Amino acid sequence: MAKHLQIEMPDGSKWAIPVHVIAMNRAVYYAKNDGKTIEDSLNNDTVPLFECDDFEIEDWAANNMNWSDVEHLAICISKGETDYEEGWCNGDKEIIEIPAA
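Draft legend 1. Local environment of the packing of helix H1 (residues 19-34) against helix H2 (residues 38-52). Here H1 crosses H2 at 125°, and the two axes come no closer than 8 Å. By the angle class used here, H1 and H2 are oblique. Crossing of H1 over H2 shows right-handed handedness. Taking contact as the criterion, the partners of Val19, Ile22, Ala23, Met24, Arg26, Ala27, Val28, Tyr30 and Ala31 in H1 are, on H2, Ile38, Ser41, Leu42, Asp45, Thr46, Leu49 and Phe50. Of the residues belonging to the contact of H1 with H2, the class tally is 12 nonpolar, 2 polar and 2 charged.

Draft legend 2. Up close: the nonpolar core. Ranked by size, the top nonpolar core spans 16 residues in total, and within it Ile22 and Phe50 carry the most contacts. Among the elements of the structure, H1, H2 and helix H3 (54-64) are those that each provide at least two residues to this core.

Draft legend 3. Representation of the packing of aromatic side chains within the structure. This model, assessed by the stated rule, comprises 4 aromatic pairs. Between Trp15 and Trp67, the ring centres sit 5.8 Å apart and the planes meet at 75°, which makes this aromatic pair edge-to-face. Placement of the pair is Trp15 in strand E2 (residues 14-18) and Trp67 in helix H4 (residues 67-70), with a sequence separation of 52 residues. Residue Trp15 is classed as partly exposed on the basis of its relative accessible area, which comes to 23%.

Draft legend 4. Region of the structure containing the sheet that holds strand E3 (residues 75-78). Here we have 3 strands laid out as an open sheet, ordered E1-E2-E3, and antiparallel in their pairing. The two strands at the open ends of the sheet, each matched to only one other strand, are strand E1 (4-8) and E3. Adjacent strand axes in the sheet meet at a mean angle of 30°, parallel and antiparallel pairs treated alike. Bridging between E2 and E3 involves 3 bridges; their strand directions are antiparallel. Counted as the bridge partner of Ala16 is Ile75 from E3.

Draft legend 5. Seen up close, H1. In this model H1 runs 22 Å from its N-terminal to its C-terminal C-alpha over 16 residues, within 8% of the 22 Å that 1.5 Å per residue would give. Listing the buried residues of H1 in full gives Val19, Val21, Ile22, Ala23, Arg26, Ala27 and Ala31. In this structure, the buried side of H1 is in contact with E1, E2, H2, H3 and H4. Two residues or fewer after H1 comes Gly35, characterised by a positive phi angle close to 70°.

Draft legend 6. Summary view of the environment of His72. With respect to the helices and strands, His72 occurs in the loop between H4 and E3. Given the relative accessible area of 62%, His72 is considered exposed. Measuring from C-alpha to C-alpha, the distance between His72 and Lys36 comes to 28 Å, with 36 residues separating the pair along the chain.

Reading guide: rules and limits
Residues numbered from 1 in each chain as written. Predicted model: local features only at pLDDT ≥ 70, side-chain atom pairs only at ≥ 80, totals over all residues. Heavy atoms only, no water. Axes fitted to C-alpha atoms, helices over the stretch in contact; angles between N-to-C directions. Helix = DSSP H or I, 4+ residues; strand = E, 2+ residues; numbered from the N terminus. Parallel < 35°, antiparallel > 145°, perpendicular 65-115°, else oblique. Left-handed = near helix turned anticlockwise from the far one by under 90°. Contact = heavy atoms within 4.5 Å. Nonpolar A, V, L, I, M, F, W, Y, C, P; charged D, E, K, R; others polar. Core = buried A, V, L, I, M, F, W, Y, C linked by side-chain atoms within 4.5 Å. Buried < 20%, exposed > 50% of the residue type's maximum accessible area, 1.4 Å probe, protein only. Phe/Tyr/Trp six-rings, centres within 6.5 Å; stacked < 30°, edge-to-face > 60°. Pairing = 2+ DSSP bridges. Expected span 1.5 Å × (residues − 1).

Structure, rendered in structure tokens:
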């Protein structure tokens, strides 16, 4: 699968996750629970489902996976926009001490 699931994070950055990673996660889950091989679950259940309905990809990822499951494979499509000038002027401030190294 060459498809990627694109996700926009709260900071406005956009990330792409290979759909095959999400598909493998689902296939492993159902292989364990249904007594199938991972290959059978992937090829005969997950891939056909994901090919015909993009919502199923999004749904599985959001409800069955964590960012930590895919972060190492995520591709940054665009960086987020943060207004550091606004933060400097109006951000929450406090004085802290940092131990010397």
